[in-house]
Amino acid sequence: MDYDRDNKIQVYANIGVVLARQLETNPKNKDEVIEICSSLLLTPLNPHTRKLINSIKARHNKTKNTNNTLFNSKNNNKQENSNNNKL
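Described in the following lines is the structure provided in the data block.

Analysis parameters
Residues numbered from 1 in each chain as written. Predicted model: local features only at pLDDT ≥ 70, side-chain atom pairs only at ≥ 80, totals over all residues. Heavy atoms only, no water. Helix = DSSP H or I, 4+ residues; strand = E, 2+ residues; numbered from the N terminus. Core = buried A, V, L, I, M, F, W, Y, C linked by side-chain atoms within 4.5 Å. Buried < 20%, exposed > 50% of the residue type's maximum accessible area, 1.4 Å probe, protein only. Contact = heavy atoms within 4.5 Å. Axes fitted to C-alpha atoms, helices over the stretch in contact; angles between N-to-C directions. Parallel < 35°, antiparallel > 145°, perpendicular 65-115°, else oblique. Left-handed = near helix turned anticlockwise from the far one by under 90°. Nonpolar A, V, L, I, M, F, W, Y, C, P; charged D, E, K, R; others polar. Arc of directions from axis to C-beta. Expected span 1.5 Å × (residues − 1).

Topic: the environment of N14
For N14, the position within the fold is in helix α1 (residues 5–24). In this structure, the C-alpha to C-alpha distance between N14 and L40, residues 26 residues apart in sequence, is 9.6 Å.

Description of the nonpolar core
Grouped together as the largest cluster of nonpolar side chains are 13 residues, with contacts concentrated most on V33, C37, L40 and I53. Among the secondary structure elements, those contributing two or more residues to this core are α1, α2 (30–40) and α3 (47–86). Tallying contributions element by element places α1 first for this core, with five residues. Ignoring anything within four residues of it in the chain, the contact list for L40 reads Y12, A13, G16, V17, L45 and I53.

Quick notes on the packing of α1 against α2
Contact pair α1 / α2: the axes reach a minimum separation of 9 Å and the direction vectors enclose 165°. When the interaxial angle is binned, α1 and α2 end up roughly antiparallel. For the element pair α1 and α2, the recorded crossing hand is left-handed. Across the interface between the two elements, Y12, A13, G16, V17, L19, A20, L23 and E24 of α1 pack against E32, V33, I36, C37 and L40 of α2. Its residues placed into classes, the contact of α1 with α2 shows ten nonpolar, one polar and two charged.

Some details on α2
For α2, the set of buried residues is K30, V33, I34, I36, C37 and L40. What you see down the axis of α2 is that its buried residues fit within an arc of 160°, all on one side.

Re α1
Its 20 residues give α1 an end-to-end C-alpha distance of 28 Å, which sits within 8% of 28 Å, the value for a rise of 1.5 Å per residue. All buried positions along α1 are accounted for by I9, Q10, A13, G16, V17, A20 and L23. Around the axis of α1, the buried residues are gathered within 145° of arc, so they sit on the same side. Away from its buried face, by an angle of more than 90 degrees, α1 presents the exposed residues N7, Y12, I15, V18 and Q22.

Okay, structure coming up:
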């Protein structure tokens, strides 16, 4: 029986948080940061660490969704303009 299991999980979670924060600096790594946070949230963590990981994940989900919305609205505007030009 491993009595230090909770401590080991907490250490690995802290390493994962550091990795996620390192990857956060490059905007190209948004998907990887979200994936790391999702896998960390599957482990039994203390509430403070869980809240920290949720905030990192939410920040990147928000920017990812905002970028997708902007991209889709630009494409829709281009299609509308091309349709108006054809008329």
